Amino acid sequence: MSALSNVFDNKRMQIIRNEFTHIGDKCYLENAGTALYPQIQLKKINEDLLNNVYLNPHSDKYTRDCIEQIRSRVLKHFNTDSSTYTLIFTSGTTQSLKLVVESFKFQSEDVNGSFMYLRDNHTSVLGLREIAKEKNAYVIHITHNDFLNSLQSIQSIPKNYERDSKKGNILLAYPAQTNFNGFKYPLNYIRDIKNGCLGSYLKKQLCEVDCNWYILLDAAAFVASNKLDLSVTQPDFVCLSFYKIFGFPTGLGALLVKNDSADVLSEKKYFGGGTVDIVLSSEDFHVKRTSLHERFEDGTLPFLSIIALKHCFDTMAMLIPKIVNNNIMDTISFHTFHLARDLYEQLIDLKHPNGNRAAVLYMDSDFTNIKKQGAIVAFNLLRENGTYIGYAEFQHMADLFNISVRTGCFCNSGSCQRHLDVTNKEMKIMHKAGHKCGDEMDLVNNKPTGAIRVSFGYYNTFNDVDRLIAMITRCFVKRKYQQRKRFTVSFYEEQINNNITDFPKEIYSVNENYITNNIEPIDNTESNIKLSELAIFPVKSCGAFKIKNGWMIGTKGFEYDREWMIVKDNGVCLTQKQNSRMCMIKPIVDLNKKYLTLTFKGMPSISIPLDPPNTKYKEMSLCQSKVCTDVVKGYDCGDLVADWISRALEISYLRLIRQCSDDKRIQKKNGEQMLSLSNQAQFLLINKATVRWLKNKIKDPTFIDDIDTLVDRFRGNIIIDTQKELVERDWLKIIIGKNEFKVEGQCNRCQMVCINQNSGEKTVEPLRTIAEEFGGKLRFGIYLSYIGPINGMKDRSLNINLPIKPLLS
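Residues numbered from 1 in each chain as written. Predicted model: local features only at pLDDT ≥ 70, side-chain atom pairs only at ≥ 80, totals over all residues. Heavy atoms only, no water.

Caption draft 1: Seen up close, the packing of helix H14 (residues 391–400) against helix H17 (residues 462–475). In the contact formed by H14 and H17, the axes pass within 11 Å of each other and the chain directions differ by 120°. At the point where H14 passes H17, the crossing takes the right-handed sense. Where H14 abuts H17, its residues Phe394, Met397 and Ala398 lie against Leu468, Met471, Ile472 and Cys475. Class assignment of the residues belonging to the contact of H14 with H17 gives a composition of seven nonpolar, no polar and no charged. (Axes fitted to C-alpha atoms, helices over the stretch in contact; angles between N-to-C directions. Helix = DSSP H or I, 4+ residues; strand = E, 2+ residues; numbered from the N terminus. Left-handed = near helix turned anticlockwise from the far one by under 90°. Contact = heavy atoms within 4.5 Å. Nonpolar A, V, L, I, M, F, W, Y, C, P; charged D, E, K, R; others polar.)

Okay, here's the thing in C-alpha cells:
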C-alpha cells in the first residue's frame, strides 16, 4: 500500500475521531446510508439557535437573508452560482426526483416524449415511471452494459446541441454513483447524451428519437464523499440530500435546476403558501411567482434546518484539510477510496484452508481508478463447502461485534438482480415464498436474496477495515486473523498486536447431516417426556424468574410473563441488544404478598405491586419496536422504580412501563391469540437434549458454559428433556398434563443468545454454530400458543414433572 493512501496524519485523524466519541466502541461502516454528525457541529448549531431568533422567512427579512446566503453557499460547494443553477430546497432526494417528473413537460404538440432510466437506479427513481406513464410518456429502461456501451461507442457527435420547442422531450435519469457498490457512472458524456448518442438504443425500443434530451442526475450517493463540479459537469437537474454529506439535518435536500432548462418544468400544478403572486379563493385564478425557487418551494421552508447548513459546511472545513487538489471533497474521496480498496483487496485474498474463496464481490470496477469507483464494497461470504452465508446471519454477528453495515438490496433491485444473477421470474418466486424488501429471508433455495454493503466516511480509518476483517475471520473463515501493517495505530490495533483480543484458531463449517430438510424424523416410540423447568420473564429482556412448582396460564401466556418493559426517554423499548446488563436485573414474583421485586447485584432491591392501580391508567403511546409493529397501551410505574432501573443499567431517564390488562395485542400469525410483550408467540419451548447436542458441536475452547447456563441463553418458558435431539422440530401440537398447545414454528434467533444470562458477557457462540449446523438458518426452539384444557377440564396451570405428549397431526 502506498503511503499516499494515508491522507490524514495521526494528529489530524485524532482530532476527527474525538468529534465522534458519542458512537462509543461502534465501528460505523454505513456512510452510504447516512454520514455521522460530529459533536462540534451540533454544538455550533445549538449555540446559534440559543443566541439568535429566527422567524418565519415569509415575514422575517433577516431569516430570509440568511437562507439566501446559505443558498449561495450550497451552490458554491458545487462550484457554481445562481447565474447558472437555481437551488430549490426540498425534503430530500426523493422529493426532488418526484418534483422534476411531476413538473416535466414530456409532450410537445403531437409528439410524445419519453422517460428513460437506468435499471441500476435507486427505487426512488424507478417509482418515477408511474408518474411518467400517467403523463403519456414512453417509459424505457436501459441496462448497465447497454448504457456504458452506448456512451463508449460514440464516434462523432456535434459539440453543440440545440433544443427545439416543437419536439418532444426525453428525460434520462441515472445515478452519479450507484448506492449498491459505489460504481461511478460517467458524467463527462452529458453533452453527448443531449446530442442524441443514445438514439440508436431508443430506435430499438421503437420510440421517438428526434427529441430534446434532459438529464436527471441522482447525486445522493455521489456527493456524500465526492466533489460534484457543476462548472464542468452540467446536468439539467441534480437531486441530493444533505444528511448524506453531513449526517444532519435530516429531512432536507435540494433540487438544482440548470437555468436554461427551467422552462421544461412547466407542468407543476400544485401551489402552496409563498409560491404565488396572487390567488383568488372564489375564482380559479392564480399567478405563480416568476422566481423559480419561489414557485417550487411550497409552504414555509424548514428554515432552522437550512440555517444549520452553515455550521455543517463550517465544521467540515474545520475538520478536513484541503490536501488533495486543494479541495475538501477530493480529500475525503481519496481517503475513503483507499479504505474501500483495502477492504476489497483483503476480501479477494480471503480463502478457506481448502483453498476455496471465502467472499464473492459484486463490483463493477477493480479499484484501479478513483474516477470510476467510490468508497463502497458489496459482497457475500461463502462457507468452506461453497454454500452461501446469509446476510441476516452476517448482520447478527456484526451486531454482536458492534459493527454497523447494511444488508439486503439497499433499495436498488436492478443492481441486486444483475449481480446476484436473479431473473424476474425468480424474483417473483422469492416474493411468493414470502421474501420482501428489507426482511431477513436472506437465502431462498440456497441462493442469496441480497448482499452485504460496507461504505466509508472521512471519520473511518484502516483500523475499521481490520476490525471488520477480524470479525469475518473469527466467525466465518477457518484461519487465524493476520493483521496488515498500517500507517496509524489505534487502541484496537494495539489489542491485536499484544494478543489482548482473542481469535480462536478453529472455526467449523456446516454439518450437512443437520440441514433442516434432512433432519431425522421423530421417533414415535419415545415416551416419558417430562416438563423439567418453567420460567417467566416479567420485565421484557431482563432476567428469568424460575418457577419451582406450578404456574397459571392467563389470556396472553403465563401470568405476569413479559407484562413490563423498560423504555428510553424517546419511548423506544430497551433490550439486551442495546444493554446486556439487563439480564442481571433478576425478578422475584411473590404471589402471596402481591409484589414484583427487582434485584441487581450491589443495589438494594425494589418492589412494585402486582395488582394494577385502581385509578385509571395513564395511557402511553409506545414506539414501534421488535415487540411488535403495534402500539401497546400501558402505564408508567413511577419515578422510584424508574430511577432504580436507570442507576442499575447506567442509562439516564429510563422508565418502567406495564402493559394494560385491556390492551388488545394479537399474534399476527394466527390472528387469534392474545399476546403480552413477547415477540412472536405466547410460549417458547426449549429441549435440553437439543441444547446438549449443540454444546457438543461448539468447538471454541473459550466457550465454557455448562448445559444449564447454555439453556438459559435461549430464554425459554417451557424446558423439556427428550431422549433424542431436534425431535421437537417435527411436532405440530403437544399436550402438557391436561392442557393442549399448538406449535407455531421455530424461533428465529439473534445475537441475544450470545449473551451469558448470568454475567451479561457477550460471546460469538452459540449463534455461530447454530448458523453452521442449520445452513445459515438461525432457528432454535419452538413457539407455542395455548389451545386450552382437554376433555372439558378447567385446570389452566402447569406444574414441574407433568407428562408431555407430542402430536404429529
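Caption draft 2: Spotlight on unusual backbone geometry. Here the bond from Phe248 into Pro249 is cis, since omega is 0°, no more than 30 degrees from zero. Relative to the assigned elements, Pro249 resides in the loop between helix H10 (243–246) and strand S8 (253–258). A cis amide bond links Glu765 to the next residue, Pro766, at an omega of 5°. Following the sequence through the fold, Pro766 ends up in the loop between strand S32 (739–748) and helix H22 (767–773). For Lys594, which is not glycine, the phi dihedral falls at a positive 60°.

Caption draft 3: Structural detail: the environment of Leu256. Along the chain, Leu256 turns up in strand S8. Separated by 18 residues in the primary sequence, Leu256 and Val238 have C-alpha atoms spaced 4.9 Å apart. Sequence-distant contacts of Leu256, that is, excluding residues within four places in its chain, are made with Leu75, Phe78, Tyr85, Thr86, Leu87, Leu230, Asp236, Phe237, Val238 and Leu240.

Caption draft 4: Quick look at the sheet that holds strand S24 (residues 595–600). Taken in spatial order, the three strands of this open sheet run S23-S24-S25, and their pairing is antiparallel. At either end of the open sheet lies a strand with only one pairing partner, and these are strand S23 (586–590) and strand S25 (603–609). Averaged over all adjacent pairs, the angle separating strand axes in this sheet is 20°, with direction ignored. Bridge count between S23 and S24: five bridges; the pairing is antiparallel. Within S24, the position partnered with Val589 by the bridge is Leu596. Here helix H19 (residues 639–649) sits on the sheet and contacts S24 and S25; the angle it forms with S25, its principal contact strand, is near 145°. (Pairing = 2+ DSSP bridges.)

Caption draft 5: Structural view of the pattern of salt bridges. Tallied over the entire structure, the rule returns 38 salt bridges. In this structure, the salt-bridge partner of Arg418 is Asp120, at a minimum N-O distance of 2.7 Å. Pair noted here: Arg418 is in helix H15 (residues 413–420) and Asp120 is in the loop between strand S3 (114–118) and helix H5 (123–126), with a separation of 298 residues, a long-range link. Among the residues examined, Arg418 registers a relative accessible area of 29% and is labelled partly exposed. (Salt bridge = Lys/Arg side-chain N within 4 Å of Asp/Glu carboxyl O. Buried < 20%, exposed > 50% of the residue type's maximum accessible area, 1.4 Å probe, protein only.)

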